[in-house]
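Here are the chains, one letter per residue:
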Amino acid sequence: MTRTTKPDDGGPTATPAASLRFDAVQKRYPGNARPTIESLSIEVPAGEICVLVGPSGCGKTTAMRMVNRLIEPTAGQILIDGRPNTERAPADLRREIGYVIQQTGLFPHRTIAQNVATVPKLLGWSTDRIAARTTELLELVGLDPEFADRYPAQLSGGQRQRVGVARALAVDPPLMLMDEPFGAIDPITRERLQNEFLRLQAQVRRTIVFVTHDIDEAIKMGDRIAVMRPGGRLAQYATPAELLLSPADEFVEQFVGADRALKRLALGRVRDLELEEPTRVRYGDPVAGVREALRRAEVPYPLVIDADGRPLAWLDDDDLHGERIADGIGSEVAVVDRDDILRDAFSDVLQHRVQYAAVTDHRGVVIGILSADAVARELAPPGPAPVQPAEAHHGTGA
Amino acid sequence: MSLVLAQSGGFVRDRSAGASGQDACVARDGVCPSWIAENFDRYVEPLQRHVLLTVVALVIGFTISFALALLAHRRRWLVTPIVQLTGILYTIPSLALFFLLLPLTGRGFLTAEIALVSYTLLIIFRNVITGLDGVPADAVDAARGMGLTDRQVLWKVEIPLALPEIAAGLRIAATTTVGLATLAFFAGAGGLGDPIYADLTFKSNVLVAGGLCVLLAVVLDLLVLLAQRLLTPWTRAATA
Ligand SMILES: Nc1ncnc2c1ncn2[C@@H]1O[C@H](COP(=O)(O)OP(=O)(O)OP(=O)(O)O)[C@@H](O)[C@H]1O
Ligand SMILES: [Mg+2]
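### Some details on the overall build of chain A
At step 1: Looking only at helices and strands, one finds 14 helices and 16 strands in chain A.
At step 2: Here chain A has a C-alpha radius of gyration of 24 Å; the compact-globule value for 398 residues is 21 Å, and the two agree.
At step 3: A separation of at least 24 residues holds for 67% of the contacts in chain A among residues at least 6 apart in sequence.
At step 4: When the accessible area of chain A is evaluated, it comes to approximately 17500 Å², of which 49% is carbon and sulfur surface.
At step 5: On chain A, the mean spot of the 47 positive side-chain charges and the mean spot of the 57 negative ones are 7 Å from each other.

Laid out in structure tokens, this is it:
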């Protein structure tokens, strides 16, 4: 997923995203005394990610699976683009709704390409069109084309999850259902997949129902978050910023957690902060000139870049001797992407035990420097009111 | 009782056959290479018959068990009665079954096949059910979630993934049937049981007929294994 945000890049099959509405939906499983979902009403505008979040067993999966009729509601209805989802045969309906689950559900007996081609094949696409689309999708989710002929068992968990996403996107469905898609993955890979998915979503703009029980993931991924409490009752349906700033009640407040201020870091992106300008130098530059430039610099260390502007190393005072900067010297640079959320970027910076991280664009070119101070300032803005309402920007970074 | 049923089919040791130098060996009931070489073609017809008995029993047995398994896969309550019924068939001694069938179907191929088929049912049925049960639930859920119909889920996901288990059942059934088919002789259906029971004391005879049985069992086993390997390339990829 190294491609940048191109406007309106839905490919040749681009279909408009669908809007989704739960209308007083109730679900009581036979044999259960109380309904799993008492009455759920939410509206998801086209092209947005709606996260269903809540403690285990509160009915998130149940709610999601009623959308593509894997589960039928006991009462109420679900409308897709204003039309009840019961109007169509379940199989037809499901072919137009992307479906991603935590266990991936990849077919072990089919190659990656065949897995991705599942729905196009059901819809009777020509082999040429399927082949072209498969290649395109693997690239879209950042998988090497050489994976096409492998079997799922030959992939890592993260790679399998990407295939799951590619497979769900195959026919560019107007609506996607994702049940804890990154739940069973190690934290570092999960963070990467989340970022890549958000970048992908900025490109394809599908309507997505995203289930998680992780509030941090909800805040990061959601345009809107539906916090559910046991019994399938909606505790609050709001944007991530609203949720953090004004939780509707004690349940939500507890669920969101005491570290709400820290969580606000998940709302901002690196690019939203004011970045500092580094002193860019190249190996072989005259040391005197560098020293001169440093005198006026915000960041007290010169940053070595390569011919394309990518960061190579930090230099400190000890490195600045002799006539010219010696090849290959300096210390490692912590690099964050301009689209990373602040929380992740900050933790990267802390992990490297440095003050500064180089911020790069999608090509890896340095566009500025993020300092730990800048993050701290964002966290606790100076002035009389220590907790200042954050701007209403949120999650996906349109 | 075997004497009542037994009909040697003319397969009596011809002690005079063979070169005169072999007579001593044959008279001792020993393993006589030249006797075997000279008389080998007498085993070809029983072998062909044995192959026919086995393959027909396997094809019919597989068809019935597979159909029953598909039926029971969606209607779980059927599993127990089917296992019980085929279990009873499995435990009736084959000779007893021949006797029970004689008044109904008479001597011959049909009687033998009914007995042989009934022995395969339990093995194959259980393995197909086990195979279908072992299909990862998430693959089935994803298949349904992507809009495969029930039939497509069955044929495109569940059955392919159950193939290793199905093949395992077929291999056990094949080996068992090759062995049991030697008893078809008692139902007058021929096969390698003919020469074996015609002269159990003659080592050359038992060695050739028994050896052909083992060979047939091995060949059938390898054939099923080969078919399985060709049909399930992913099982090797997983461990590679
Ligand atoms: N098929 C079913 N029959 C009966 N009860 C069910 C069924 N499926 C789910 N339930 C019950 O409904 C409740 C909600 O289940 P659901 O799977 O929707 O929860 P969830 O919010 O997705 O939980 P988790 O975070 O653990 O995945 C649970 O108490 C569960 O026991
Ligand atoms: Mg769930």
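### Things to note about the overall build of chain B
At step 1: Counting its regular elements, chain B contains twelve helices and zero strands.
At step 2: Starting at the N terminus, the α and β elements of chain B follow one another as α-α-α-α-α-α-α-α-α-α-α-α.
At step 3: Buried positions account for 48% of the 240 residues belonging to chain B.

### Observations regarding the state of the cysteines
Residue and element names in this part refer to chain B.
At step 1: Applying the stated criterion across every chain yields a total of one disulfide over all chains.
At step 2: Here Cys25 engages in a disulfide with Cys32; their sulfurs sit 2.0 Å apart. Across the disulfide from Cys25 to Cys32, rotation about the S-S bond amounts to roughly -95°, and the bridge is consequently left-handed. Pair check on accessibility: Cys25 and Cys32 agree, each one buried.

### Topic: the side chain of Thr207(A)
All names here are of chain A.
At step 1: One can find Thr207 in strand S8 (residues 207-212).
At step 2: Exposure remark for Thr207: the relative accessible area of 0% places this residue in the buried category.
At step 3: A polar side-chain atom of Thr207 sits 2.4 Å from the main-chain carbonyl oxygen of Ala18.
At step 4: Setting aside chain neighbours within four positions, we find Thr207 in contact with Ala17, Ala18, Val44, Pro45, Ala46, Gly47, Glu48, Pro174, Leu175 and Met176.

### Some thoughts on the environment of Asp317(A)
Residues and elements named next belong to chain A.
At step 1: Mapped onto the elements, Asp317 comes out in the loop between strand S13 (311-314) and strand S14 (335-337).
At step 2: Asp317 gets classed as exposed once you look at its relative accessible area, which sits at 52%.
At step 3: Among the polar contacts listed, one links the side chain of Asp317 to the side chain of Arg291, at a separation of 3.4 Å.

### Here we look at the side chain of Thr120(B)
At step 1: Tracing the sequence through the fold places Thr120(B) in helix H7 (residues 109-133).
At step 2: By relative accessible area, which is 1% here, Thr120(B) ends up buried.

### Focus: the site of ligand 1
Residue and element names in this part refer to chain A.
At step 1: Around ligand 1, the surrounding shell consists of Tyr29, Asn32, Thr36, Ser56, Gly57, Cys58, Gly59, Lys60, Thr61, Thr62 and Glu180.
At step 2: A distance of 3.3 Å separates an oxygen atom of ligand 1 from a polar backbone atom of Cys58.
At step 3: The separation between an oxygen atom of ligand 1 and a polar side-chain atom of Lys60 is 2.8 Å.
At step 4: Against a free-state accessible area of 640 Å², the protein chains account for coverage of 58% of ligand 1.

### A closer look at the pattern of salt bridges
Residues and elements named next belong to chain A.
At step 1: Scanning all chains against the criterion turns up 27 salt bridges over all chains.
At step 2: Note that Arg271 and Asp339 form a salt bridge whose closest N and O atoms lie 2.4 Å from each other. Here Arg271 is found in the loop between helix H11 (260-263) and strand S11 (279-281), whereas its partner Asp339 is found in the loop between S14 and helix H13 (342-351), with 68 residues between them in sequence.
At step 3: Here Arg310 and Asp308 are joined by a salt bridge, their closest N and O atoms 3.1 Å apart.
At step 4: Each of the salt bridges in this network shares a partner with another, and the network as a whole consists of Asp216, Lys220, Arg343 and Asp344.

### Points about the sheet that holds strand S15 (residues 356-360) of chain A
Adjacent strands of a sheet form backbone hydrogen bonds with each other and so pair up, either parallel or antiparallel.
Residue and element names in this part refer to chain A.
At step 1: If you walk across this open sheet you meet the three strands as S14-S15-S16, and the pairing is mixed. Of all strands in the sheet, those with a lone pairing partner are S14 and strand S16 (366-371), marking the two edges. The sheet shows a mean angle of 35° between the axes of neighbouring strands, taken without regard to direction.
At step 2: In this structure, S14 lies alongside S15, joined through three bridges in parallel fashion. Counted as the bridge partner of Val336 is Val359 from S15.

### Digging into the packing of aromatic side chains
At step 1: Taken as a whole, this structure holds 13 aromatic pairs over all chains when the rule is applied.
At step 2: Centroid distance Trp35(B) to Phe202(B): 4.7 Å. Interplanar angle 75°. Geometry classified as edge-to-face. Here Trp35(B), found in helix H3 (residues 33-39), pairs with Phe202(B), found in the loop between helix H10 (193-198) and helix H11 (203-231); they are 167 residues apart in sequence, far enough to count as distant. As far as the burial class goes, Trp35(B) and Phe202(B) line up, both buried.
At step 3: Grouping aromatic residues by their ring pairs yields a cluster made of Phe182(A), Phe197(A) and Phe210(A).
At step 4: Sitting above the plane of the Trp125(A) ring, Arg129(A) keeps its charged end 3.6 Å from the centroid.
At step 5: Across from the ring centre of Phe107(A), 4.9 Å away, lies the NZ or CZ of Arg167(A), which sits over that ring.

### Describing the packing of helix H6 (residues 157-169) of chain A against helix H7 (residues 187-204) of chain A
Residue and element names in this part refer to chain A.
At step 1: The contact between H6 and H7 brings their axes to 11 Å, and the two run at 20°. Judged on the interaxial angle alone, H7 and H6 are roughly parallel. Considering the relative orientation of H6 and H7, their crossing is right-handed. Contact residues: Gly158, Gln161, Arg162, Val165 and Leu169 in H6; Thr189, Arg192, Leu193, Glu196, Phe197, Leu200 and Val204 in H7.

### Here's the deal with the confidence of the model for chain B
Residues and elements named next belong to chain B.
At step 1: Of the residues in chain B, 90% have a pLDDT of 70 or more, and the chain-wide mean is 88.
At step 2: Of all the helices and strands in chain B, helix H1 (residues 2-5) carries the lowest mean pLDDT, 41, while helix H8 (residues 137-145) carries the highest, 97.
At step 3: Within the model, pLDDT remains below 50 along residues 1-9, and this stretch shows 15 contacts once partners closer than five positions in the same chain are excluded.
At step 4: Complex prediction metrics read pTM 0.78 and ipTM 0.84.

### Here we look at the interface of chain A and chain B
At step 1: The interface is formed by 24 residues belonging to chain A together with 21 residues belonging to chain B.
At step 2: Taken together, the links from chain A to chain B amount to seven residue pairs in polar contact (both at pLDDT 80 or more).
At step 3: The set of elements that each furnish at least two residues to the side of chain A that touches chain B consists of helix H2 (90-95), strand S6 (97-101) and helix H4 (118-122) of chain A.
At step 4: Within the side of chain A that touches chain B, the residues separate by chemical class into twelve nonpolar, seven polar and five charged.

### As for H7(A)
Residue and element names in this part refer to chain A.
At step 1: Taking 1.5 Å of rise per residue, 18 residues should cover 26 Å, and H7 covers 25 Å from first to last C-alpha, within 8% of that figure.
At step 2: Of the positions making up H7, those classed as buried are Thr189, Leu193, Gln194, Asn195, Glu196, Phe197, Leu198, Leu200, Gln201, Ala202, Gln203 and Val204.
At step 3: Residue Arg205 follows H7 closely and has a positive phi angle near 45°.

Rules behind the numbers
Residues numbered from 1 in each chain as written. Chains lettered and ligands numbered in written order. Predicted model: local features only at pLDDT ≥ 70, side-chain atom pairs only at ≥ 80, totals over all residues. Heavy atoms only, no water. Helix = DSSP H or I, 4+ residues; strand = E, 2+ residues; numbered from the N terminus. Rg over C-alpha atoms; globule rule 2.2 N^0.38 Å. Contact = heavy atoms within 4.5 Å. Areas by Shrake-Rupley, 256 points an atom, 1.4 Å probe, with all protein chains shown as cover. Lys, Arg positive; Asp, Glu negative; His and termini not counted. Charge placed at Lys NZ, Arg CZ, Asp CG, Glu CD. Buried < 20%, exposed > 50% of the residue type's maximum accessible area, 1.4 Å probe, protein only. Disulfide = S-S within 2.5 Å. Polar contact = N/O pair within 3.5 Å; in protein donor to acceptor, adjacent residues only side chain to side chain. Near = heavy atom within 4 Å. Salt bridge = Lys/Arg side-chain N within 4 Å of Asp/Glu carboxyl O. Pairing = 2+ DSSP bridges. Axes fitted to C-alpha atoms, helices over the stretch in contact; angles between N-to-C directions. Phe/Tyr/Trp six-rings, centres within 6.5 Å; stacked < 30°, edge-to-face > 60°. Lys NZ or Arg CZ within 6 Å of the ring centre and 35° of its normal. Parallel < 35°, antiparallel > 145°, perpendicular 65-115°, else oblique. Left-handed = near helix turned anticlockwise from the far one by under 90°. pLDDT = per-residue confidence, 0-100. Nonpolar A, V, L, I, M, F, W, Y, C, P; charged D, E, K, R; others polar. Expected span 1.5 Å × (residues − 1).

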